[in-house]
Number of protein chains: 2
Amino acid sequence: MNPWIEQVIELASANVAQNGGPFAALVVRNGKVIATGVNQVARTGDPTAHAEMVAIRAACRELGSFRLSDCELYASCEPCPMCLGAIYWARPARVFYAASAADAGAAGFDDAFIYRQMATPHSERSIPMIQVIHEKAGQPFESWIHKPDRTAY
Amino acid sequence: MNPWIEQVIELASANVAQNGGPFAALVVRNGKVIATGVNQVARTGDPTAHAEMVAIRAACRELGSFRLSDCELYASCEPCPMCLGAIYWARPARVFYAASAADAGAAGFDDAFIYRQMATPHSERSIPMIQVIHEKAGQPFESWIHKPDRTAY
């Protein structure tokens, strides 16, 4: 048993006393913690300040890269859809987590609801998602594809 | 036809010339743009700096709230799973977008792949997601539930 899971659980518990949500995350590389994150939504008023997001952003600053290829992410709870999306963009090697999304749901967090919404047709979602057809809609991608020195990510 | 969709498409096109990805977003409230965002992943090295995330964070700073209840989000392209998750946490009233996730995929962006991964069992995902059973896993939620002055979000 490596020590990171217990460490991330303790960090999540400690964050509750700081008016944070009950979540924490660590990014580990070559056996060392290179970044930590705790939920800061209520404290900062930033709805994207989930523990995993904070830790991923800090790790990328630390490494000077938008990829976390050789890293492992430890989370006190299974990532919500937003954080799971961020994980796929940052691409750590693997993710370890302690509590499940169902545990988060039992504590009042909407993760499972959001996962279900993603599987729901756009027109039936609780937040309506409306495509507006516009003749210039493809223009940004055209500009991108024809830019020879673009940085793919 | 309101002007925001054309404005957000133009903003996305202009961002390509600034070494940004071909994406932009606006948050509109009471007929006024209160925040804008463009993709800044390559420019800042932050994999979470998608246009919608940047715009949501800026709008929340502007309003001093982690909720965008009376707002509309305009995006040059259908949001990726990370941004869709952020939308559900910020809860704008509705979302309008121009290009589709399939258009993004044709330009080389992995949105559709990530949506498919979310529907794939954890053990079969390209980034392994491993639950580590730990006796203290529920401790952060216990602390949260028993904190009488917690700020729910």
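Keep in mind the model is a prediction, meaning the values are calculated, not measured.

Each value, and the rule that gives it
- Residues numbered from 1 in each chain as written.
- Chains lettered and ligands numbered in written order.
- Predicted model: local features only at pLDDT ≥ 70, side-chain atom pairs only at ≥ 80, totals over all residues.
- Heavy atoms only, no water.
- Pairing = 2+ DSSP bridges.
- Helix = DSSP H or I, 4+ residues; strand = E, 2+ residues; numbered from the N terminus.
- Axes fitted to C-alpha atoms, helices over the stretch in contact; angles between N-to-C directions.
- Buried < 20%, exposed > 50% of the residue type's maximum accessible area, 1.4 Å probe, protein only.
- Phe/Tyr/Trp six-rings, centres within 6.5 Å; stacked < 30°, edge-to-face > 60°.

### Quick look at the sheet that holds strand S5 (residues 129-131) of chain A
On the basis of which strands lie adjacent, the open sheet formed by 5 strands has the order S5(A)-S4(B)-S3(B)-S1(B)-S2(B) and mixed pairing. The open sheet has two free edges, formed respectively by S5 of chain A together with strand S2 (32-38) of chain B, since each of these has just one partner strand. Along the sheet, successive strands turn relative to each other by an average axial angle of 20°, direction set aside. Judged from the 3 bridges that link them, S5 of chain A and strand S4 (residues 94-99) of chain B form a sheet pairing that is parallel. Counterpart to isoleucine 130 of chain A in the pairing with S4 of chain B is phenylalanine 96 of chain B.

### Focus on helix H4 (residues 81-90) of chain B
Residue and element names in this part refer to chain B. Most of H4 is tucked away, with 10 of its 10 residues classed as buried. If you check which residues of H4 are buried, you get Pro81, Met82, Cys83, Leu84, Gly85, Ala86, Ile87, Tyr88, Trp89 and Ala90. Taken from the residues just after H4, arginine 91 is the one with a positive phi, measuring 55°.

### Thoughts on the packing of aromatic side chains
By the definition in use, this model includes 17 aromatic pairs over all chains. Look at phenylalanine 141 of chain A and phenylalanine 23 of chain B: their rings are 5.5 Å apart centre to centre, the planes differ by 75°, and that puts the pair in the edge-to-face class. Of this pair, phenylalanine 141 of chain A sits in helix H7 (residues 139-145) while phenylalanine 23 of chain B sits in the loop between helix H1 (4-16) and strand S1 (24-29), placing the two residues on different chains. By relative accessible area, phenylalanine 141 of chain A is classed as buried at 6%. Residue classification places phenylalanine 23 of chain B among the buried residues on the basis of a relative accessible area of 10%. Seen from their ring centres, phenylalanine 66 of chain B and tyrosine 153 of chain B are 6.5 Å apart, and the 85° between their planes marks the pair as edge-to-face. Here tyrosine 153 of chain B lies in the segment after helix H7 (139-145) and phenylalanine 66 of chain B lies in the loop between helix H3 (51-63) and strand S3 (71-77), a separation of 87 residues in the sequence.

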